[in-house]
Number of protein chains: 2
Amino acid sequence: MPGTPQRSPRKAKGAGPERREEILAAALRLFGQFGLYGVSTRQIAQAVGVSQPTLYAYFASKDEIAAELHARAFRELEARLRVGVRDADTREAVAAGLRIYLDFGLENPDAYRVAFMIEGPHGRVAVAGPVDESDVSVPGHTAFDILRRMIADLHRRGLGAGDDPERMAQSVWAGMHGLVSLLIARPGFPWAEREALVAGHVRMLADMAMRRD
Amino acid sequence: MPGTPQRSPRKAKGAGPERREEILAAALRLFGQFGLYGVSTRQIAQAVGVSQPTLYAYFASKDEIAAELHARAFRELEARLRVGVRDADTREAVAAGLRIYLDFGLENPDAYRVAFMIEGPHGRVAVAGPVDESDVSVPGHTAFDILRRMIADLHRRGLGAGDDPERMAQSVWAGMHGLVSLLIARPGFPWAEREALVAGHVRMLADMAMRRD
DNA sequence: ACGATTACCGATCATTGATCACTTATCACT
DNA sequence: AGTGATAAGTGATCAATGATCGGTAATCGT
């Protein structure tokens, strides 16, 4: 007997994992532009150049496409935070860490929209916390945890403001999500000059988190 | 000729403006619970006790029902801010004004969701700014304007922090919207005790807005 | 060349938001 | 009471949507 597994009759035309990526790329662009519920599966299929049932060979449902995009955006944000958030011992260092979050959202509005601002299938709106509430206690696996530990470090060094680092982390997180989601959701609003607004916002949030001196 | 107008063959069973209110009440409850796209017009009709086409005698579309709820929530928030935001000359007074916004959202999560967090028909997410961008310059007609003027007053009295009241107002606003939307969207998240979190958050935002002394 | 497996598509289903023609109930006026 | 007019409400139906199913064509190892 050959023993070794007889593998894979293999792919046809332009198929394979590439198709899956094409679908995700088209869906991300369309969702970001028209919203999850403003885009039909037929539109996605047409953008990719396949027929609509083909999507269901790669994803179980439209929601699963959105879920995959959500997960990817979330992992990307986490990765950026993980490499970008260093020891935060000065106001500038804290502000720089927070700025990573803001920049991610502003540089990838489509991903941020899909991941954190679009109403989910159960009427819930996903945000930048853990997707599954059950893994909240698992450390190091969520973007929020990285922020939480940055704030906790501040307090360990005696640099943190307030008496509750956890509460402070939640306030700061809310402050960031608020600005990102508003800037993305209302491009027509007469915002102040963006760089000044974002820089000022981050500086203020960093100030909030640090003891006065 | 009688001259006076021959008025109104009048309403039938339980009809009239009441029906419209019943529809709005049912829609608000269902939208808040399951989301705009998680509720069908047939479900709304069943909750009211009428058939589905009846809804279209009172509203031109499902979106118009959501738009009406949006407008009402917006007016209610404005009304609360108008009567609640007095001269803000101390940190506590500013915090109290901000708290009105937060309390509104937390006490009326359904309304806040429907009004400010649900993805609209065009893929836009409505937030607590003016609905129509064109009336941004009209003073006194939006919730944001009330906040804007509170901050501007601070600066006029020499109590404001930073050099740009407009930018500050936008930052503070984002800070509030962020916390409200996160608290509503993620009830399962291990939040800190709500009263302490909210009170601390508004205090911090008020601090941000006021000159250090 | 052949069977097996994969990629894909046309046809179709239930449900959705929305429209239409039709019925029923109430009123003003005789 | 009877009558015509108007308003309120409903069943039937439409196009579009997300999703499923059986069948077809391309590709592979042998």
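**Let's talk about the overall build of chain A**
Counting its secondary structure elements, chain A contains 9 helices and 0 strands. Taken over 213 residues, chain A has a buried fraction of 50%. Looking at chain A alone, contacts between residues at least 24 apart form 67% of all its contacts between residues at least 6 apart. Total accessible area on chain A stands at roughly 10100 Å², and carbon and sulfur atoms take up 53% of it.

**A short note on the pattern of salt bridges**
Under the counting rule described, the total for this entry stands at 32 salt bridges over all chains. As a salt-bridge pair, Arg91 of chain A and Asp207 of chain A come within 3.2 Å of each other at their nearest N and O atoms. In this pair, Arg91 of chain A sits in helix 5 (residues 91-107) while Asp207 of chain A sits in helix 9 (residues 194-209), placing the two residues 116 residues apart along the sequence. With a closest N to O distance of 3.0 Å, Arg82 of chain B and Glu78 of chain B form a salt bridge. Taken as a pair, Arg82 of chain B and Glu78 of chain B lie in helix 4 (residues 62-84) at a separation of 4 residues, close to a single helical turn. Take Arg82 of chain B: its relative accessible area is 44%, and that puts it in the partly exposed class. Ionic contacts of the salt-bridge type, sharing partners, join the residues Arg20, Glu21, Glu68 and Arg72 of chain A into one network.

**Quick look at the packing of aromatic side chains**
Tallied over the full model, the rule gives 12 aromatic pairs over all chains. Three or more aromatic residues joined by ring pairs make a cluster, and in this case those are Phe189 and Trp191 of chain A together with Tyr101, Tyr112, Phe144 and Trp173 of chain B.

**Observations concerning helix 1 (residues 17-34) of chain A**
Along an α-helix, a turn takes 3.6 residues, which lines up residues three or four apart on a common side. All names here are of chain A. Between its terminal C-alpha atoms helix 1 stretches 26 Å, which fits the 26 Å expected from 18 residues at 1.5 Å a residue. Close packing links the buried residues of helix 1 with helix 2 (41-48), helix 3 (52-58), helix 4 (62-84) and helix 6 (109-117). Phi for Gly35, located one or two positions after helix 1, is positive at around 90°.

**With respect to the packing of helix 6 (residues 109-117) of chain B against helix 8 (residues 165-185) of chain B**
All names here are of chain B. Viewed as axis vectors pointing N to C, helix 6 and helix 8 meet at an angle of 120°, and their least axial separation amounts to 11 Å. Between helix 6 and helix 8, the angle falls in the class oblique. Handedness of the helix 6/helix 8 crossing: left-handed. Here Pro109, Tyr112, Arg113, Phe116 and Met117 of helix 6 come into contact with helix 8, specifically with His177, Val180, Ser181, Ile184 and Ala185.

**Here we look at the nonpolar core**
Grouped together as the largest cluster of nonpolar side chains are 102 residues, with contacts concentrated most on Leu98 and Leu147 of chain A together with Leu98, Leu147 and Val172 of chain B. When neighbours within four sequence positions are excluded, Leu147 of chain A is seen to be in contact with Leu98, Ala169, Val172, Trp173 and Met176 of chain A.

**Digging into the confidence of the model for chain A**
All names here are of chain A. With 81% of its residues at a pLDDT of at least 70, chain A reaches an overall mean of 84. The lowest-confidence element of chain A is helix 6, averaging 79 in pLDDT; the highest-confidence one is helix 2, averaging 98. Predicted confidence is poor over residues 1-12, with pLDDT under 50, and the contacts of this stretch with residues over four places away or in other chains come to 2 contacts.

**Details of the packing of helix 1 (residues 17-34) of chain B against helix 6 of chain B**
Helix packing geometry: the angle between the two helix axes and the distance between the axes. Residue and element names in this part refer to chain B. Packing of helix 1 against helix 6 leaves a shortest axis separation of 8 Å and a crossing angle of 80°. Here helix 6 runs roughly perpendicular to helix 1, going by the angle between their axes. Between helix 1 and helix 6, the contacting residues are Leu28, Arg29, Phe31, Gly32 and Gln33 on the first element and Asp110, Ala111, Arg113 and Val114 on the second. Its residues placed into classes, the contact of helix 1 with helix 6 shows 4 nonpolar, 2 polar and 3 charged.

**A few points about the environment of Val83 of chain A**
By the element assignment, Val83 of chain A lies in helix 4. The exposure class assigned to Val83 of chain A is exposed, which follows from its relative accessible area of 57%.

**Considering the environment of Leu197 of chain B**
Here Leu197 of chain B is to be found in helix 9 (residues 194-209). The exposure class assigned to Leu197 of chain B is buried, which follows from its relative accessible area of 0%. Along the sequence, Leu197 of chain B and Val39 of chain B sit 158 residues apart, while their C-alpha atoms lie 32 Å from each other. Once you skip the residues sitting within four places of it in the chain, Leu197 of chain B turns out to touch Arg167, Gln170 and Ser171 of chain A together with Leu179, Leu183, Trp191 and Ala192 of chain B.

**Focus: the side chain of His177 of chain B**
Among the structural elements, His177 of chain B can be located in helix 8. Here the side chain of His177 of chain B touches Tyr112 of chain B through a polar contact of 2.7 Å, side chain to side chain.

**A short note on helix 2 of chain A**
All names here are of chain A. Within helix 2 the residues assigned to the buried category are Thr41, Ile44, Ala45 and Val48. All buried residues of helix 2 project into a common sector of 100° when viewed along the axis, lining one side. Exposed side chains of helix 2 directed beyond 90 degrees from the buried face belong to Arg42 and Gln46. Buried-residue contacts for helix 2 involve helix 1, helix 3 and helix 4. A positive backbone phi angle near 95° is found at Gly49, which sits one or two residues after helix 2.

**Quick word on the side chain of Thr41 of chain A**
Residues and elements named next belong to chain A. Tracing the backbone through its elements, the reader meets Thr41 in helix 2. Residue Thr41 is classed as buried on the basis of its relative accessible area, which comes to 10%. At 3.0 Å, the side chain of Thr41 forms a polar contact with the side chain of Gln52. With residues near it in sequence (within four places) discarded, Thr41 still touches Gln52, Leu55, Tyr56 and Lys62.

About the cut-offs
- Residues numbered from 1 in each chain as written.
- Chains lettered and ligands numbered in written order.
- Predicted model: local features only at pLDDT ≥ 70, side-chain atom pairs only at ≥ 80, totals over all residues.
- Heavy atoms only, no water.
- Helix = DSSP H or I, 4+ residues; strand = E, 2+ residues; numbered from the N terminus.
- Buried < 20%, exposed > 50% of the residue type's maximum accessible area, 1.4 Å probe, protein only.
- Contact = heavy atoms within 4.5 Å.
- Areas by Shrake-Rupley, 256 points an atom, 1.4 Å probe, with all protein chains shown as cover.
- Salt bridge = Lys/Arg side-chain N within 4 Å of Asp/Glu carboxyl O.
- Phe/Tyr/Trp six-rings, centres within 6.5 Å; stacked < 30°, edge-to-face > 60°.
- Expected span 1.5 Å × (residues − 1).
- Axes fitted to C-alpha atoms, helices over the stretch in contact; angles between N-to-C directions.
- Parallel < 35°, antiparallel > 145°, perpendicular 65-115°, else oblique.
- Left-handed = near helix turned anticlockwise from the far one by under 90°.
- Core = buried A, V, L, I, M, F, W, Y, C linked by side-chain atoms within 4.5 Å.
- pLDDT = per-residue confidence, 0-100.
- Nonpolar A, V, L, I, M, F, W, Y, C, P; charged D, E, K, R; others polar.
- Polar contact = N/O pair within 3.5 Å; in protein donor to acceptor, adjacent residues only side chain to side chain.
- Arc of directions from axis to C-beta.

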